[in-house]
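Below are the chains, spelled out letter by letter.
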Amino acid sequence: MAEAVRYRKERIDRGIKARTDTIYVLSSFRDMVYLFLPRFLPIILLLLLPFFVKGGYWEKVLFYSCMFALLALSWDFMASVGLVSLGQALFFGVGAYISGGLNHYFKMPIFLTIPIATLGGALFCTLLLFSVLRLRGVYFSMVTLILPLLFAHLIETLDILGGTHGLLSLTPFPSGWLSVYLAIIGVIICLFGFRKLISEDFGLVLRGIKDDDRVVMAGGINIHWYKAQAIFIAGAVGCFAGALMTHYYQFVGRSVFALDYTVLPLAGAVLGGPGSFAGATIGTFILVPLSEVLRALGGLRMALYGVILIAALVILPEGLFHYIERRYHQFERDVRI
Amino acid sequence: MEIVIYGITNSVTLALMAIGFSLTFGISGVPNFAHGAFYLLGGILTWIFINQLGIPYLFSAILSVIIVGLLGFGLYWGLLLRLRGLVVNEVIATLAAAIVIIEVLRYMGFSGFTYVLPEFIKGSVNIGKAWLDYQRIFLVGIGVALIIILYFFTHRTRVGLSFRAIAQNERTAISLGIDSDWTAALSLAFGSALAVVAGLAILPLGSIDTEVGYDILIYALAVGIVGGLESVPGIVLASFILGFCQILVATFFKAQWLTVVTLGAIVLILAVKPSGIFGKYKELEERV
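Each value, and the rule that gives it
Residues numbered from 1 in each chain as written. Chains lettered and ligands numbered in written order. Predicted model: local features only at pLDDT ≥ 70, side-chain atom pairs only at ≥ 80, totals over all residues. Helix = DSSP H or I, 4+ residues; strand = E, 2+ residues; numbered from the N terminus. Rg over C-alpha atoms; globule rule 2.2 N^0.38 Å. Buried ≥ 20, exposed ≤ 12 C-beta atoms within 10 Å, placed from the backbone. Contact = placed C-beta atoms within 7 Å. pLDDT = per-residue confidence, 0-100. Pairing = 2+ DSSP bridges. Expected span 1.5 Å × (residues − 1). Nonpolar A, V, L, I, M, F, W, Y, C, P; charged D, E, K, R; others polar. Axes fitted to C-alpha atoms, helices over the stretch in contact; angles between N-to-C directions. Parallel < 35°, antiparallel > 145°, perpendicular 65-115°, else oblique. Left-handed = near helix turned anticlockwise from the far one by under 90°. Domains from an automatic or database assignment.

## Examining the overall build of chain B
Within chain B one finds 12 helices and two strands. Ordered by position in the sequence, the α and β elements of chain B form the string α-α-α-α-β-β-α-α-α-α-α-α-α-α. For a compact globule of 288 residues, the expected C-alpha radius of gyration is about 19 Å, and chain B comes in at 18 Å, within 12% of that figure. With respect to the three principal axes, the spread of C-alpha positions in chain B is 55 × 45 × 35 Å. Classification of the 288 residues of chain B by burial places 54% in the buried group. In chain B, the share of contacts with a sequence separation of at least 24, taken over all contacts with a separation of at least 6, comes to 76%.

Below, the structure is given as structure tokens:
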């Protein structure tokens, strides 16, 4: 009786890594291209994109994509410390309101409001979250889910900072180029900075806190201080995005605390693959233009993000980026069993 | 006097909103952030059954409770089973499911004054200076009855005890012969069905608005967190604290403070004692 011939997939690493993640043996130009292409391609693409979408509608989409990519990166950074946030809108909104408020009430110019909003907002968020840093897992997530809502309602109730009307006619960017390039450079710095940071000793501690916080404590490391630093960094990125958006829109209102700014970055990061930063960027750069194409769906877009989020969690839990990375670094061939 | 009466009805309303959520998330440890969405869906299904299919009120109510209960069961088998154990992913997935349900309902336009569920009995009664419609009296009755049933269910019946068992220690529960997947799915189904029951009691007081899908989730979270997720007395105490706070604030300040009080209570309790006033099982897991 003829046995059915069966195959299984065998994966073989490409033979370029010599010893560790950072020591390579480069023997040919091909190896160099293999190694550097994935690093430089996104940078070049991002820097060139504004030339292709010069002005108009798609430049706006590019700007949005960068905004949400920043938020997704900041989510991913917090998630890699084990702080899963369900409220990136908090950072976004705080940054937006600080820069908007400074500009509206004190007539500060843009080159002052954005840095102040970035650092001041991050400091504010860190102090705010400091008391709940001890919470683990889902309890922390619930606090972050509630806080943006609380702020939105506080602003409405107290009628401060423009109340329900928001702050109007803020200073715009001198040119569209500046805003888009600020956003793009922000994304590039965060993307590569975070990837570098998380593989350093500092990042090692952060990942350790995610895996087992009590072991890190037993190692004599003050995990609250590290968590606070991580929130400050993530907060600064989120606030920067908020501040940019404020001046881009020339308006800041309660909508900056809306669920959109939480769900879309989350969906992007989960779709792209959490923990890699590149995944978060790829995910948002897929989702935001997609949602613009599907603008005709109107209110259904939020539902679409929800569907994508569920699908990504269930079907591809490792995320797009890890999948692509694996295909890039490994050959696959069928081996007869 | 009015404050006491309004406070009691408001508190029981809150307890009613929270009861299904506490059963799933608190008592059996399965996050169901689609609670508010199911509440809304139940109300709208009933409306469709009554007004478009012409089914009598009682049958349409029972039908929508059953349908949403099955939907909760399906949510577990279809979605949560694949993510079991990663609590945060479970929360994200159910929250996403809630967003999908609510936004689709919003898109289909189920919101506004046309969408009103019938009251059980029309009319109202005058107690002191307070006007109380019969619906609210019914609501208090249903709420009290459900809380008593829930208490005996989770402390006396086999199924109820297994709900609590899988939340306390899933592996031990399995070793004692409890099918944890089946129990968790059942608990999600019961919780969703209770959300619809709450919806049928509360929604007739106003018109259906899709925004309540999110609001109910927040109220349920608030009650669950303040009281301690796993305890029935906690639900009662928390809804009375929150209910009276809301009424006092709404009476002496502005009505807008109502939501701020609720949200503030959640953040405060989470920061100070995350397992809530009555919670005790999770104290080791919640923080470091």
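Okay, back to it.
## Section: the overall build of chain A
Counting its regular elements, chain A contains 13 helices and two strands. Relative to the 2.2 N^0.38 estimate, which gives 20 Å for 337 residues, the radius of gyration of chain A is 22 Å and therefore close to what a compact globule would have. Its C-alpha atoms give chain A principal-axis dimensions of roughly 80 × 55 × 45 Å. Contacts in chain A between residues at least 24 apart in sequence constitute 78% of all its contacts with a sequence separation of at least 6.

## Description of the confidence of the model for chain B
With 90% of its residues at a pLDDT of at least 70, chain B reaches an overall mean of 80. The ipTM, which scores confidence in the relative placement of chains, is 0.78 for this predicted complex, and the corresponding pTM is 0.85.

## A closer look at the environment of Ile 225 of chain B
Tracing the backbone shows Ile 225 of chain B in helix α9 (residues 212-227). C-alpha separation for the pair Ile 225 of chain B and Gln 246 of chain B, spaced 21 residues apart in sequence, amounts to 16 Å. Ignoring any residue separated from it by four or fewer positions in sequence, one finds Ile 225 of chain B in contact with Met 142 of chain A together with Ile 266, Ile 269, Leu 270 and Gly 276 of chain B.

## Quick word on the pairing of strand β1 (residues 7-13) of chain A
All names here are of chain A. Little of β1 sits inside the fold, with zero of its seven residues counted as buried. The sheet contact formed by β1 and strand β2 (residues 330-336) spans seven bridges and is antiparallel. Within β2, the position partnered with Lys 9 by the bridge is Asp 334.

## Digging into helix α4 (residues 87-107) of chain B
Residue and element names in this part refer to chain B. Here α4 is 21 residues long and its end C-alpha atoms lie 30 Å apart, about the 30 Å a rise of 1.5 Å per residue gives. A large share of α4 lies buried, amounting to 17 of its 21 residues. Gly 109 sits one or two positions beyond α4 and adopts a positive phi of about 80 degrees.

## Some points on the environment of Leu 145 of chain A
Residues and elements named next belong to chain A. Structurally, the position occupied by Leu 145 is in helix α5 (residues 137-158). Judged by the 24 C-beta atoms lying within 10 Å of it, Leu 145 falls in the buried class. Spatially, the C-alpha atoms of Leu 145 and Arg 295 are 26 Å apart, while their sequence positions differ by 150 residues. The residues contacting Leu 145, other than those within four sequence positions of it, are Leu 86 and Gly 87.

## Points about the environment of Leu 176 of chain B
Residues and elements named next belong to chain B. Within the secondary structure, Leu 176 sits in the loop between α7 (170-175) and α8 (180-202). Classification of Leu 176 by C-beta neighbours within 10 Å gives exposed; the count is 10. Considering only alpha carbons, one finds Leu 176 and Ser 162, 14 residues apart in sequence, at a separation of 9.8 Å.

## What about the interface of chain B and chain A?
Taken together, the contact pairs 36 residues of chain B with 36 residues of chain A. Among the elements of the structure, α3 (57-83), α4, α9, α11 (257-272) and α12 (283-286) of chain B are those that each provide at least two residues to the side of chain B that touches chain A. At 14 residues, α4 of chain B tops the list of elements feeding residues into the side of chain B that touches chain A. Here the residues of the side of chain B that touches chain A are counted per class, giving 25 nonpolar, four polar and seven charged.

## With respect to the packing of helix α1 (residues 2-27) of chain B against helix α5 (residues 134-156) of chain B
Residues and elements named next belong to chain B. Relative to each other, α1 and α5 sit at 30 degrees, their axes nearing to 9 Å. Taken together, the axes of α1 and α5 are roughly parallel relative to one another. When the axes of α1 and α5 are compared, the crossing they make is left-handed. Where α1 approaches α5, its residues Ile 8, Thr 9, Val 12, Thr 13, Ala 15, Leu 16, Ile 19, Leu 23 and Ile 27 are matched on the opposing element by Arg 136, Leu 139, Val 140, Ile 142, Gly 143, Val 144, Leu 146, Ile 147, Leu 150 and Thr 154.

## Quick word on helix α6 (residues 176-199) of chain A
Residue and element names in this part refer to chain A. Between its first and last C-alpha, α6 extends 35 Å over 24 residues, near the 34 Å set by a 1.5 Å rise per residue. Along α6, the residues classified as buried are Ser 179, Val 180, Leu 182, Ala 183, Ile 184, Gly 186, Val 187, Cys 190, Leu 191 and Phe 194. Against the buried residues of α6 lie α1 (29-52), α2 (56-79), α9 (223-249) and α11 (278-293).

## Observations regarding the domain arrangement of chain A
Here chain A is described as being made up of domain 1 (15-41) and domain 2 (53-255). Placing a centre on the C-alpha atoms of domain 1 of chain A and another on those of domain 2 of chain A gives a separation of 34 Å.

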